[in-house]
Amino acid sequence: MANVHIENNELLLEASLEDIETIVKEALKNIDQYKEEISVIYDKMPKFEYKYFCFYAYSTYRLLEKALNFSCDEVGHFRLIAPEEFYYAFFGVISTLYHEHCAK
């Protein structure tokens, strides 16, 4: 499970590849709730070379918050720290979810 802690008034979310499964399960369980978020991530994330994507700037953090059991309420933002592979795997999941549930 992801490690979450606050350091210097910044919420740090340390995720690993194992967390991808948890994210997928949450997305599929509540797909209608996350469709817009998935669409935005699918559209914007490649433009930021995947690993530099700012979830909070595009209000695309709710899926991660719920799946990884954290809240940005205290500091208003978070920084994702993960291996490079995580970002590409995450985008692969988002791409699949987008094409199966969001694309029209």
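Described in the following lines is the structure provided in the data block.

## Observations concerning the overall build of the chain
No. 1: Of regular secondary structure, the chain possesses 4 helices and 3 strands.
No. 2: Helices and strands appear in the chain in the N-to-C order β-β-α-α-α-β-α.
No. 3: A globule of 104 residues ought to have a C-alpha radius of gyration of about 13 Å, and the chain, at 13 Å, matches this closely.
No. 4: Overall, the chain is about 45 × 25 × 25 Å in size when its C-alpha atoms are taken along their principal axes.
No. 5: Counting all 104 residues of the chain, 39% fall into the buried class.
No. 6: If you take every contact in the chain between residues at least 6 apart in sequence, the share linking residues at least 24 apart comes to 67%.
No. 7: A total accessible area of about 6,000 Å² is found for the chain, and carbon and sulfur atoms account for 46% of it.

## A closer look at the nonpolar core
No. 1: Within the largest apolar cluster, 34 residues are counted, with the highest numbers of intra-cluster contacts made by F55, F78, L80, F86 and F90.
No. 2: Sort the elements by how many residues they give to this core and helix α4 (residues 84-102) lands first, with 9 residues.
No. 3: Leave out the neighbours within four places in its chain, and F90 touches I20, I23, I41, M45, F55 and L64.

## Remarks on the sheet that holds strand β3 (residues 78-81)
Strand-to-strand pairing in sheets goes through backbone hydrogen bonds, with the strands running parallel or antiparallel.
No. 1: Across the sheet, 3 strands lie side by side as β1-β2-β3; this open sheet has mixed pairing. One side of each edge strand has no neighbouring strand; the edge strands of this open sheet are β1 (3-7) and β3. With strand direction ignored, the average angle separating the axes of adjacent strands in the sheet is 25°.
No. 2: In the sheet, β1 pairs with strand β2 (residues 10-14) via 5 bridges, with the strands oriented antiparallel. Note that in β2 the partner of I6 across the bridge is L11.

## Remarks on the environment of D32
No. 1: Following the sequence through the fold, D32 ends up in helix α2 (residues 31-44).
No. 2: For D32, a relative accessible area of 63% puts it in the exposed group.
No. 3: When the C-alpha positions of D32 and V4 are compared, they lie 26 Å apart, and in sequence the two are 28 residues distant.
No. 4: A distance of 3.4 Å separates polar atoms of two side chains, one belonging to D32 and the other to K35.

Rules used in this analysis
- Residues numbered from 1 in each chain as written.
- Predicted model: local features only at pLDDT ≥ 70, side-chain atom pairs only at ≥ 80, totals over all residues.
- Heavy atoms only, no water.
- Helix = DSSP H or I, 4+ residues; strand = E, 2+ residues; numbered from the N terminus.
- Rg over C-alpha atoms; globule rule 2.2 N^0.38 Å.
- Buried < 20%, exposed > 50% of the residue type's maximum accessible area, 1.4 Å probe, protein only.
- Contact = heavy atoms within 4.5 Å.
- Areas by Shrake-Rupley, 256 points an atom, 1.4 Å probe, with all protein chains shown as cover.
- Core = buried A, V, L, I, M, F, W, Y, C linked by side-chain atoms within 4.5 Å.
- Pairing = 2+ DSSP bridges.
- Axes fitted to C-alpha atoms, helices over the stretch in contact; angles between N-to-C directions.
- Polar contact = N/O pair within 3.5 Å; in protein donor to acceptor, adjacent residues only side chain to side chain.

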